[in-house]
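# Descriptive structure summary
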Amino acid sequence: MSCDRTVTLHGTFDETVAAVRKALADQGFGVLTEIDMQATLKAKLGHEMEQYLILGACNPALARQALEADPSVGLLLPCNVVVRAAGDHVVVQAVDPATMVALTGLDAMEPVAEQATRLLDAALAVLTEERGGGHSYELE
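Residues numbered from 1 in each chain as written. Predicted model: local features only at pLDDT ≥ 70, side-chain atom pairs only at ≥ 80, totals over all residues. Heavy atoms only, no water.

## Comments concerning the side chain of Asp70
Tracing the backbone through its elements, the reader meets Asp70 in the loop between helix H3 (60–69) and strand S4 (79–86). Apart from residues no more than four positions distant in its own chain, Asp70 is found in contact with Thr104, Leu106 and Met109. (Helix = DSSP H or I, 4+ residues; strand = E, 2+ residues; numbered from the N terminus. Contact = heavy atoms within 4.5 Å.)

## A few points about helix H2 (residues 37–45)
At the N-terminal end of H2, a side-chain oxygen is found 3.2 Å from the backbone nitrogen of Gln38, two or three residues along, and the residue is Asp36. Looking at the residues trailing H2, positive phi occurs at Gly46, about 70 degrees. (Polar contact = N/O pair within 3.5 Å; in protein donor to acceptor, adjacent residues only side chain to side chain.)

## Focus: the nonpolar core
By size, the foremost hydrophobic cluster in this structure holds 32 residues, and its most contacted members are Val20, Leu24, Val81, Val83, Val92 and Leu127. Those elements that provide at least two residues to this core are strand S1 (4–9), helix H1 (13–26), strand S3 (52–58), H3, S4, strand S5 (89–95), helix H4 (98–104) and helix H5 (110–131). Residue contributions to this core peak at eight residues, all from H5. Among all residues touching Val92, those that are not within four sequence positions of it are Arg5, Thr6, Val7, Leu9, Thr16, Val20, Val81, Val82, Val83, Leu124 and Leu127. (Core = buried A, V, L, I, M, F, W, Y, C linked by side-chain atoms within 4.5 Å. Buried < 20%, exposed > 50% of the residue type's maximum accessible area, 1.4 Å probe, protein only.)

## Observations concerning the pairing of S5
Regular strands place their side chains on alternate faces of the sheet. Of all seven residues in S5, five are buried, a share of seventy percent or more. In this sheet, S5 lies alongside S1 in antiparallel orientation, the contact comprising six bridges. Paired with Arg5 across the strands is Ala94, a residue of S5. Relative to S5, S4 runs antiparallel, the two being bridged by six bridges. Across the sheet, the residue bridging to Ala85 is Val90, located in S5. Between S4 and S5, which pair antiparallel in sequence order, lie two residues; one of them, Gly87, sits at a positive phi of approximately 70 degrees. (Pairing = 2+ DSSP bridges.)

See the structure below:
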């Protein structure tokens, strides 16, 4: 089972990050956390790498439903979205919400994961339409 839903886009890294934030917001996700892996690894280890940002995205209504089904699902929240430079493209990857169902084994998590998948796919589809590029998953 793949744990991600990925699109590869044209454009600059900063433009893509702004577009990702807007696409997520338009689908009801807020960005709760942001981890700049490039800056962190440079500061802590002196390691050079391409731009790599992890956004912790949360849809409050879906998070509430998931936590009611299993309070320990908080270990999997928020939904991480990675924006990373890859040569002359920018890759955007979102965690596949079906991972929650697979890891918890709870049927009650299925409708939450299905709704989260629809919303994340809608956000990724908008990015693909606006910024060009391909995707490595099928939109419903």
